[in-house]
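Structural features, examined
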Amino acid sequence: MSIDTVPYRLEREMPDFEYWMGYALKLADQASDADEVPIGAIVVKDGQLIGRGFNQTISRQDPTAHAEIIALRQAAQFVKNHRLVDTDLYVTIEPCSMCAGALVQARITRLIYGAKEPRSGAVDSSIQVLANPALNHKIKVVRGILEVQAAEKMQVFFRARRN
C-alpha cells in the first residue's frame, strides 16, 4: 500500500473522530474479507492520513502483524522517523499490551479507539498499560468512537467462526 495514493485529508480545525474511525472500520472489513480478525487502524498527522493497517497475523504468519503495528510502521516510513510526534492513532478495537507499548515507543499523542476488548484490551479492560506512572510518555485516550459498529464487526466475525 503506497500512502501517496491515499487522497484523504481532513480540512477542519476540530478533529473529526467519526470520519477517521469510519476509514479504520473499512480497513477492518478488509481484514475480515481475508479471514483475519477485523481490526483496522490509521495514523493521522495534521489532518493527513500517514499510515494504515489491518490485522494480518495469519496471512503474514507474523504474530506482530496487528493493525496498529502495520499502521505505525507505515507512518514511521512516511515521516522518516521512528517517533510519531503530534499524531493520532485510530483503531477499531482497544489495543493489546504489545500495541499499547508500541504506541508509547512511537510517541503517539492521542489514541482514539472504538470498542473495548474485555479479554486482551490493555488500555482500559484487562490491564491499563498507558496508565503506568513509570512510563516516560503519556498518551491521551478517546474511547467509544463508532463503538457499536466496531463491536458488531468482531461479534459477526467470531460468531461465523464458531458455526
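Here we summarise the structure given alongside this text. (Residues numbered from 1 in each chain as written. Predicted model: local features only at pLDDT ≥ 70, side-chain atom pairs only at ≥ 80, totals over all residues. Heavy atoms only, no water.)

1. Details of the overall build of the chain
Test applied: Secondary structure elements follow DSSP: runs of H or I of four or more residues count as helices, runs of E of two or more count as strands, with numbering from the N terminus. Pairs of residues are marked as contacts when any of their non-hydrogen atoms sit within 4.5 Å. Using a 1.4 Å probe, accessible areas were evaluated by the Shrake-Rupley method; residue-level cover was limited to the displayed protein chains. For the purpose of counting charges, residues Lys and Arg are taken to be positive, whereas Asp and Glu are taken to be negative. His and the chain ends are not included. Taken as the charge location is NZ of Lys, CZ of Arg, CG of Asp or CD of Glu.
Within the chain, the secondary structure is distributed over four helices and five strands. For the chain, the N- to C-terminal ordering of α and β elements is α-β-β-α-β-α-β-β-α. Each of the three principal axes of the chain carries a C-alpha extent, and together these read 45 × 40 × 30 Å. Restricting the contact set of the chain to residue pairs at least 6 apart, pairs at least 24 apart contribute 59%. For the chain, the accessible surface area stands at approximately 8600 Å², while carbon and sulfur atoms represent 50% of it. Put simply, the chain has 20 plus and 19 minus side-chain charges, and the middle of one group is 4 Å from the middle of the other.

2. Examining the layout of surface pockets
Selection rule: In this analysis, the protein atoms alone were mapped onto a 1 Å grid. Cavities are point sets where a 1.4 Å probe fits without being able to get out; pockets are open sets with protein on both sides within 12 Å along at least five of seven lines; lining residues have an atom within 4 Å of a point. Grid points are joined across faces, edges and corners, and a volume is the space filled by probe spheres set on the points. When residues are sorted by character, Ala, Val, Leu, Ile, Met, Phe, Trp, Tyr, Cys and Pro go into the nonpolar class, Asp, Glu, Lys and Arg into the charged class, and all the rest, Gly among them, into the polar class.
Its volume calculated, the largest pocket comes out at about 570 Å³. Lining the largest pocket are 22 residues, with Ile93, Glu117, Ser120, Met154 and Phe158 positioned closest to its centre. For the lining of the largest pocket, the element with the highest residue contribution is helix α4 (residues 147–162), accounting for five residues. Looking at side-chain class alone, the lining of the largest pocket contains 11 nonpolar, five polar and six charged residues.

3. Description of the pattern of salt bridges
Here is the rule we go by: One side-chain nitrogen of Lys or Arg within 4 Å of one carboxyl oxygen of Asp or Glu is enough to make a salt bridge.
This structure, assessed with the given rule, holds three salt bridges. For the salt bridge of Asp124 with Arg143, the shortest nitrogen-to-oxygen distance reads 2.6 Å. Of this pair, Asp124 sits in the loop between β4 (110–115) and β5 (140–142) while Arg143 sits in the loop between β5 and α4; the two residues are 19 residues apart in sequence, bridging distant segments of the chain.

Honestly, that's just the spatial picture; any functional story needs more than this.
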